[in-house]
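Structural overview for review
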Amino acid sequence: GGACGTYAFMRVNKDGKRFCNEDAPLPGITNAYMTSPGHVDWTVMDADFASELDKMTLLSQYSGSTSGPFDPTLGYTPAEQMEMCLESGTSVTGNTLEELAEAMGVPAGNLAAAVARYNELAEKGIDEDMGKPAQFLKAIKQPPFYGIHRHIGLSTIIHGVNVNKDMQALNADGEPIEGLYAIGNCAGNFFGSPDYPMTVPGLSLGRCHTQGYVVGRAVASK
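An account of the accompanying structure is given in this report. (Residues numbered from 1 in each chain as written. Predicted model: local features only at pLDDT ≥ 70, side-chain atom pairs only at ≥ 80, totals over all residues. Heavy atoms only, no water.)

1. Quick word on the packing of aromatic side chains
Applying the stated rule across the entire model yields two aromatic pairs. Between the aromatic rings of F49 and Y146, the centroid separation amounts to 5.6 Å while the plane-to-plane angle is 80 degrees, which identifies the pairing as edge-to-face. With F49 in the loop between β2 (40-45) and α2 (78-88) and Y146 in strand β4 (residues 145-151), this pair connects stretches of sequence that are 97 residues apart. Like F49, the residue Y146 is buried in the burial classification. Sitting above the plane of the F190 ring, R207 keeps its charged end 4.1 Å from the centroid. (Phe/Tyr/Trp six-rings, centres within 6.5 Å; stacked < 30°, edge-to-face > 60°. Helix = DSSP H or I, 4+ residues; strand = E, 2+ residues; numbered from the N terminus. Buried < 20%, exposed > 50% of the residue type's maximum accessible area, 1.4 Å probe, protein only. Lys NZ or Arg CZ within 6 Å of the ring centre and 35° of its normal.)

Here is the structure:
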C-alpha cells in the first residue's frame, strides 16, 4: 500500500479515473480493485495530507491494524515516512497534476478531470459519484501532489480444503481422508462469506493455535 496503507484518500485506476468509495473495509475495497483495469490503483493526495490522517475513520484504517507507514507508533512523522516512500519508489510526487500524472504513468487529462470532479464534490459536501462520507472529501489543491501506488497481492485462499469438526480433510463426497488434516488458512468452512475480515487482530494466529489444539486432541484420541 505504499505510504498510505488503507487510509481513505482519493483513489484512481491506471487510467487516471476515480473508481470507488475509498472509505470502506479492506475486503470491500479490494473487490473494487479487482474490477479496476490491471488490478492497479493510485492514492492521490496533496501537501496537506498529514492534517487529514487523524480525521480518518477506524474503518478506513482497518481499526489501526493496517494503517501503513503513517502509523504513529513506528516513530516517524508523516513527512518523514513520505520521504522514505518516495525514496523507495512506492510513492511519486509532482509540483503539478501534469507532473504527477507523468510520474504515475496515467493520462494527464483523466487525472486532472478526476481531481477537478473530486474537488467539486468536496465543495458541494456530498459524494454524488461514490457515496463516500462528506467529511473525507477534502479538495486536492496544495502542491506538491503525491501518488501512492497500490496493487493487489494474494494474502490467503480463504476457502481452503473442506474439513470436519476434527479438522480432517474431506474428499469430494464429504468423507474424511484418514491421516490428513488442515488448519488455519488451509482449512475451509471458516468464514460465512467470500471475505477475509481482518478487523480482529491475530485472527489467523488464533485460528491456527485453536485448530492445532483440535487436531492434537483428535490425533491423541486415536
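From this point, the discussion proceeds with the structure in view.
2. Focus: the environment of L97
Relative to the assigned elements, L97 resides in helix α3 (residues 97-104). Separated by 53 residues in sequence, L97 and V44 place their C-alpha atoms 9.9 Å apart. Ignoring sequence-local partners within four residues, the contact set of L97 consists of L111, A112, V115 and F145. (Contact = heavy atoms within 4.5 Å.)

3. Thoughts on the pattern of salt bridges
One pass over the structure, following the stated rule, counts 14 salt bridges. The shortest N-O distance in the salt bridge between D41 and R11 comes to 3.6 Å. Here D41, found in strand β2, pairs with R11, found in strand β1 (residues 10-13); they are 30 residues apart in sequence, far enough to count as distant. As far as burial versus exposure is concerned, D41 and R11 are alike and both buried. Salt-bridge contacts for D166 lead to K165; the nearest nitrogen and oxygen are separated by 3.7 Å. Taking the relative accessible area as the measure of exposure, K165 reaches 70% and is therefore exposed. (Salt bridge = Lys/Arg side-chain N within 4 Å of Asp/Glu carboxyl O.)

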